Every structure is written in C-alpha cells, then in structure tokens.
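# Reading the structure
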Amino acid sequence: TRSTRPQRLLKAVQKHATRGDPQSVISAIDHFCRHSEWAMNIGDEKGSILDSVVSEVNPEKVLELGTYCGYSTVRIARLLPPGARLITLEFNADYAAIARQVIIWAGLEDKVQLVEGASEDWIPRMKEHFGIETFDFVFLDHWKDRYLPDTKLMEDCGLLRKGTVLLADNVICPGVPDYLAYVRNSLSYKSCYFKSHLEYTKAEDGLEKSVFLG
Ligand SMILES: O=C(NC/C=C/[C@H]1O[C@@H](n2cnc(C(F)(F)F)c2)[C@H](O)[C@@H]1O)c1cc([N+](=O)[O-])cc(O)c1O
Ligand SMILES: [Mg+2]
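Residues numbered from 1 in each chain as written. Chains lettered and ligands numbered in written order. Predicted model: local features only at pLDDT ≥ 70, side-chain atom pairs only at ≥ 80, totals over all residues. Heavy atoms only, no water.

### Description of unusual backbone geometry
Following Cys173, the chain continues to Pro174 via a peptide bond in cis, the omega torsion being 5°. Relative to the assigned elements, Pro174 resides in helix 9 (residues 171-175). Even without being glycine, Asn170 reaches a positive phi, approximately 65°. Looking at the secondary structure, you find Asn170 in the loop between strand 5 (160-168) and helix 9. (Helix = DSSP H or I, 4+ residues; strand = E, 2+ residues; numbered from the N terminus.)

### Side note on the pattern of salt bridges
For the coordinates displayed, the defined rule picks out 16 salt bridges. Asp169 is the salt-bridge partner of Lys46, the closest N and O atoms lying 2.7 Å from each other. One end of the pair, Lys46, is in helix 3 (residues 43-57); the other, Asp169, is in the loop between strand 5 and helix 9, with 123 residues separating them in the sequence. Exposure remark for Lys46: the relative accessible area of 0% places this residue in the buried category. Overall, the relative accessible area of 0% leaves Asp169 in the buried class. For Arg146, the salt bridge identified is with Glu120, shortest N-O distance 3.6 Å. Here the residue Arg146 occupies a position in the loop between strand 4 (135-140) and helix 8 (147-156), and Glu120 occupies one in helix 6 (residues 119-122), the gap between them amounting to 26 residues. (Salt bridge = Lys/Arg side-chain N within 4 Å of Asp/Glu carboxyl O. Buried < 20%, exposed > 50% of the residue type's maximum accessible area, 1.4 Å probe, protein only.)

### Digging into the coordination of the magnesium ion (ligand 2)
Distances from the magnesium ion (ligand 2) to its protein donors, namely Asp141 (OD), Asp169 (OD) and Asn170 (OD1), fall within the range 2.0 to 2.2 Å. All donor residues of the magnesium ion (ligand 2) come from one chain, and their arrangement in sequence is D-x27-D-N. Placement of the pair is Asp141 in the loop between strand 4 and helix 8 and Asn170 in the loop between strand 5 and helix 9, with a sequence separation of 29 residues. As far as the burial class goes, Asp141 and Asn170 line up, both buried. (Donors = N, O, S within 2.8 Å, 3.2 Å for Na, K, Ca; no water.)

Right, here's the structure in full:
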C-alpha cells in the first residue's frame, strides 16, 4: 500500500540530512515541505521566531504538545543547554514512530522524551511520573481545540510557575480564538503576538507568547 506523508518525510531526512546534524534535518524537512509535499511543521519562518524565544528563555524543562514528525522538537532540543530536557507528547502512534526516527537522526535522543498518549491523561501525571516540578517553557502545536483546556489543566496541576513562557503556534491559521482571548484577557498572563506566515505559504499566521505571572 502507498506510504504515508510522514514516512516520505522521514525518507527525505535519511536521504538528504547528515546523521547527528540537527540543522541538516531541519533544512531537509523544510526543502521537502516547500518542494515536494506541504506538511504541518512550524516551518523555517515561524521556526526562527521559535528559536529566538527558546534562546531567550534558555529553559531547563520544556513541554511540547504535538510532536507530529518531530520538526519543532529538533528545533527546540538543538538549542537546549546540557542537562536540559524536552518532553514531547504525541497522540498518534504512527506519527510518534516517525518522530522518534527523526529525533534519532538529529542525534538529540538524549535530550528528548517522546511520550505517546493524550494530554488529559499525561499532564496530571507529569510530576509523579517524570519528576517534573514546573516547566520553564511550553510549546503548543497540537489540536487547536485543546490549547485552552490543556493550559487550564497545566495551571490546575501546578506545572506553571511565575515566568513560565507559553508559545502557541497557529493563533491565526487555523486559529485558536478561545485560547487567544483567554491569555490576552487573563490577569495571570502577559501576552504578545509575533506576526508571521503559515508554514511554506503566504497566508498570515503567527505565534502568541504568553508569560504566566503566577
Ligand atoms: O491542525 C494542525 N495541527 C494539529 C496537530 C496535531 C498533532 O498533535 C498531536 N497531538 C494531539 N494531542 C496531543 C497531546 F499532546 F495532547 F497529547 C498531541 C496529534 O496526534 C497531531 O500529531 C495544524 C494545521 C495547520 N494547517 O495549516 O491546517 C497548520 C499547523 O501549523 C498546524 O499545527
Ligand atoms: Mg502548527
């Protein structure tokens, strides 16, 4: 039977990228998505904004919601200091299997823990299962109707601290209106918008950076 798009993306990485070289993995995926098949990776333009926010925060503990093929996982993990850890949640087992291979090809498996399952099951278990107190940085890029409930769940589970930075993809396209209204109106967040474009297109999209104030 016909291969899947994530399988073809992984093949492109293994063909064109150098093992252990995260930048070559990022470039191979961007080339594949720009010239062969569009895929819902954050991409190079919004990815540069992600890079700058990660570098500014310099986080020890990172949570990513929505691994997909591991593109943003690699972008974030390559910037982390030694000893820092990224936990990335993925619901779809097929996507998780591809992402594991992409992360290994980038040589970042020691910094990344890919967890399969649903956010509502795993967020309440972060402390006792992973020994996490609070996260320094959270990247939201999973199902758009889960951004708000999962943010409230992270608050309720005490996973956010004064200064934790949330960065959300797709706040314009496909859009997350309920989440945006919440972080922009809540007294518990200081929020700002980074205007950009939907990956590999000319359509507007952007990232919302929200600092939890406790
Ligand atoms: O729908 C989009 N993204 C949805 C992304 C969804 C991904 O997040 C995973 N997930 C679900 N729950 C969890 C967790 F973590 F909760 F367990 C993880 C899903 O299995 C999927 O791999 C999207 C769409 C467009 N677009 O242009 O249509 C552009 C984009 O950048 C997008 O991100
Ligand atoms: Mg996205």
